[in-house]
Protein chains: 2
Amino acid sequence: MSHNQIIALDAMGGDFGPSVTVPAAGLALKELRTGIGFIFFGDEKKIRPLLEKDAALYAVSSIRHTDKVIASDEKPSTALRSGRDSSMRLAIDAVRDGEAGSVVSAGNTGALMATAKMVLKCLPGISRPAIASVLPTINGDTVMLDLGANIICDAEILVQFAVLGSVYAKVVKGIPAPSVGLLNVGAEAMKGPDQVRQAAAILSSVKFPGRYTGFVEGDDIAKGAVDVVVTDGFTGNVALKVTEGVGKFASHAMKATFTSSFMARIGALFAYGGIKRLKKKMDPRFYNGGMFLGVDGICVKSHGGMDEYGFSRAILVAANLVERGYNKRVALEIEQVMSQESFVSGIAAQASAAAES
Amino acid sequence: MSHNQIIALDAMGGDFGPSVTVPAAGLALKELRTGIGFIFFGDEKKIRPLLEKDAALYAVSSIRHTDKVIASDEKPSTALRSGRDSSMRLAIDAVRDGEAGSVVSAGNTGALMATAKMVLKCLPGISRPAIASVLPTINGDTVMLDLGANIICDAEILVQFAVLGSVYAKVVKGIPAPSVGLLNVGAEAMKGPDQVRQAAAILSSVKFPGRYTGFVEGDDIAKGAVDVVVTDGFTGNVALKVTEGVGKFASHAMKATFTSSFMARIGALFAYGGIKRLKKKMDPRFYNGGMFLGVDGICVKSHGGMDEYGFSRAILVAANLVERGYNKRVALEIEQVMSQESFVSGIAAQASAAAES
């Protein structure tokens, strides 16, 4: 068994700990090709009985016991300082040490990102990792980044995100020349903050794995106007959470509609099959799995409140990134981008503009 | 007839010009108390025949002819320079000259904001106007600002927006102590960019017409967690457009669901009444009307693509702001805020932090 086929799981992360993470691994295992194995990091007394219930999973799993858990409200800095023996930290260490090819955790996002950056470091050529996620749209799926790792991003970072996102769309989603848009407040070239316009100038002239198609606006995300949406972590986080909020509002309104009267309840019965398919299509559990792109080691974050199915989807995201050789491809592509004259001169122009202002 | 009761209409603005703006005024007139009148700015040959079809409207309206129209893709700077005789500019001039109490346009947003700022100036104590709009939520309505007038905002500007928004919620919506939240990427005090944390510090200590309740996240908007959401124009514009995009996605998905099978179509027939009510509740036309808060003169922007009903809603927004004496109240409240020691020291702390960085 190659270490790449081993997935390190922070068994204690999330709202439910092993009672979700262990059966989730069992669910994921059924979807994965043979050869995959798991290491569960956490409280052995809680993990073992759950593991023993699933013979197939038990056969490919091992447990590394630890009592320590990073609390969901722990500050990232505290987690770094005093989280050395935590289930999260040990799971990440396993990737650094070549015992596992990827790590999945439903724990504290800030602590996970800080620890992953410190332990695994960034891929060569990448200055800051981004959190990326796949979103459903009217027109297929879209991958968006950054969703909150970096509050402020300069043009160079945004260009790196464009590379991270387009390599994902290319090698994982199989899109030959993924379209890439920069999130902005208008389509015209003069619109938006300096760093977004500077990133646009670089992406327009540099060769990279995607096709830069210009600025996109907030409503273009759900339209599926592009394969990859690039933005800073502040805007991306707001956009993601607005999407979640409006989605909940819509499902709340729909539920209210179909319980508003006797006739409406009958209508819902007739439309039951269609409503069920709609629910499945929009299921946030299906899209679970925030990818920490740019980290030198595959690291995926599950929502803390996910159930077994949701957490199993995050495991599949990690397994997929490993299988498609995502990180090797990024390292290759980013080197090619950085060696281009149009990239170097674009970054220089950005730096001199920043010095003047 | 007091000039306050006169509404200046840019008859030519928007995708459809007088064929929408004139009948829209007729619709609005039916909702308004007696004493209201209109001045239509634009092409008399197009306006007059439409006006003559509605006797009640005709009786309270006048026309100021001009051939000039600001194009929807005109740069704001060009609109300022060469738009002197345009329907938009003349309608705004009418407010400055005391002929009208408010102006409504469905024209070019950038040109409208630039012209309104130049001609009408800001209210005393306000450095930058914001675009504000009312959004439907699970829990009543929420007003959000800025939606795109100011890409970058410092803490002082965000505090001014909090005053503009809370005075709106108080005097127009009638909420005695409106709750105000700053849009951010987490609820903890240490989260987010400097200017957002600095604005939070000032709003926590200063007395203003609203109650500052802390940071809100993207999903809190649709939840209706607060009465007023304050953010910079970049983030606010993205949040608004994401809301529109996801709303369209949801309605598209729902339509697809109820035409997906014979059974589903029957279901839709039974649920017809409920679906109709839902559509009405979520009707974007109902919420049409971007308010240019902080301008010394009431100025409301309609979506360019709105029909008669939608444009009539924007007219009602303008009439309401005038009737409630919104601008007078803002001038009063902002003066009281600025005279407080905690405001002055907060702004000083912000300035020294900026100088250090």
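Above this text sits the structure in question.
Residues numbered from 1 in each chain as written. Chains lettered and ligands numbered in written order. Predicted model: local features only at pLDDT ≥ 70, side-chain atom pairs only at ≥ 80, totals over all residues. Heavy atoms only, no water.

**Some points on the overall build of chain A**
- Counting its regular elements, chain A contains 15 helices and eleven strands.
- Taking 2.2 N^0.38 as the reference for a compact globule, 357 residues should give roughly 21 Å; the C-alpha atoms of chain A span a radius of gyration of 21 Å, in line with that estimate.
- Oriented by its inertia axes, the alpha-carbon framework of chain A measures out at about 60 × 60 × 35 Å.
- Considering chain A as a whole, with its 357 residues, one finds that 56% of them fall into the buried category.
- In chain A, the proportion of contacts linking residues at least 24 apart, taken out of those at least 6 apart, comes to 71%.
- About 14,800 Å² of surface is accessible on chain A, with carbon and sulfur atoms providing 54% of the total. (Helix = DSSP H or I, 4+ residues; strand = E, 2+ residues; numbered from the N terminus. Rg over C-alpha atoms; globule rule 2.2 N^0.38 Å. Buried < 20%, exposed > 50% of the residue type's maximum accessible area, 1.4 Å probe, protein only. Contact = heavy atoms within 4.5 Å. Areas by Shrake-Rupley, 256 points an atom, 1.4 Å probe, with all protein chains shown as cover.)

**As for the interface of chain B and chain A**
- Residue-level contacts link 49 residues of chain B with 48 residues of chain A.
- Both sides of the chain B and chain A interface together cover about 4,400 Å² of buried area, and 81% of this is carbon and sulfur.
- Linking chain B with chain A are two salt bridges.
- Note that E217 of chain B is salt-bridged to K241 of chain A, the shortest N-O span being 2.3 Å.
- Of all the secondary structure elements, the ones that give two or more residues to the side of chain B that touches chain A are β5 (130-137), α9 (218-223), α10 (233-257), α11 (262-270) and α12 (272-281) of chain B. (Buried area = accessible area lost by both parts, 1.4 Å probe. Salt bridge = Lys/Arg side-chain N within 4 Å of Asp/Glu carboxyl O.)

**Focus: the side chain of S166 of chain B**
- When you line up the elements, S166 of chain B lands in helix α7 (residues 155-172).
- Those residues in contact with S166 of chain B, other than ones at most four positions away along the chain, are P178, V180, F208, P209, G210 and V228 of chain B.

**Things to note about the pairing of strand β4 (residues 102-105) of chain A**
All names here are of chain A.
- Where burial is concerned, the two faces of β4 agree: the one with S102 and V104 and the one with V103 and S105 are both buried.
- Alignment of strand β1 (residues 6-10) against β4, held across three bridges, turns out to be parallel. Considered in β4, the bridge of A8 is made with V103.
- Inspection of the sheet shows β4 paired to strand β11 (residues 298-301) by four bridges, in the parallel sense. Paired with S105 across the bridge in β11 is K301. (Pairing = 2+ DSSP bridges.)

**Quick look at the pairing of β1 of chain A**
Residues and elements named next belong to chain A.
- β1 sits mainly inside the fold: five of its five residues count as buried.
- Neither face of β1 is open: one carries I6, A8 and D10, the other I7 and L9, and all of them are buried.
- Sheet topology places β1 next to strand β2 (residues 37-42); five bridges connect them, and they run parallel. Bridging across to β2, D10 finds its partner in F41.
- Once you follow β1 into helix α1 (residues 18-31) and on to β2, the crossover reads as right-handed. (Right-handed = clockwise from strand over helix to strand, strands pointing away.)

**Some words on the packing of helix α8 (residues 194-205) of chain A against helix α15 (residues 341-356) of chain A**
Residues and elements named next belong to chain A.
- The contact between α8 and α15 brings their axes to 9 Å, and the two run at 165°. Of the possible angle classes, the one that applies to α8 and α15 is roughly antiparallel. Between α8 and α15 lies a crossing of right-handed hand. Residues Q198, I202 and S205 of α8 touch α15, and the partners they reach there are S342, F343, G346, I347, Q350 and A353.
- Residues that form the contact of α8 with α15 fall into these classes: four nonpolar, five polar and no charged. (Axes fitted to C-alpha atoms, helices over the stretch in contact; angles between N-to-C directions. Parallel < 35°, antiparallel > 145°, perpendicular 65-115°, else oblique. Left-handed = near helix turned anticlockwise from the far one by under 90°. Nonpolar A, V, L, I, M, F, W, Y, C, P; charged D, E, K, R; others polar.)

**Some details on the environment of P18 of chain B**
Residues and elements named next belong to chain B.
- You can see P18 is positioned in helix α1 (residues 18-31).
- Sequence spacing of P18 and L51 is 33 residues, and the spatial spacing of their C-alpha atoms is 9.3 Å.
- Residues in contact with P18, not counting those within four places in the same chain, are A11, M12, P23, K46, I47 and L50.

**Remarks on the environment of G305 of chain A**
- Mapped onto the fold, G305 of chain A is located in the loop between β11 and α13 (308-323).
- When the C-alpha positions of G305 of chain A and Y212 of chain A are compared, they lie 35 Å apart, and in sequence the two are 93 residues distant.

**A look at unusual backbone geometry**
All names here are of chain A.
- In this chain, L145 is followed by D146 through a cis amide linkage whose omega measures 0°.
- In this fold, D146 is placed in the loop between β6 (140-145) and α7 (155-172).
- Its identity is not glycine, yet K121 carries a phi of approximately 65°, on the positive side.
- By the element assignment, K121 lies in the loop between α6 (109-120) and β5 (130-137).

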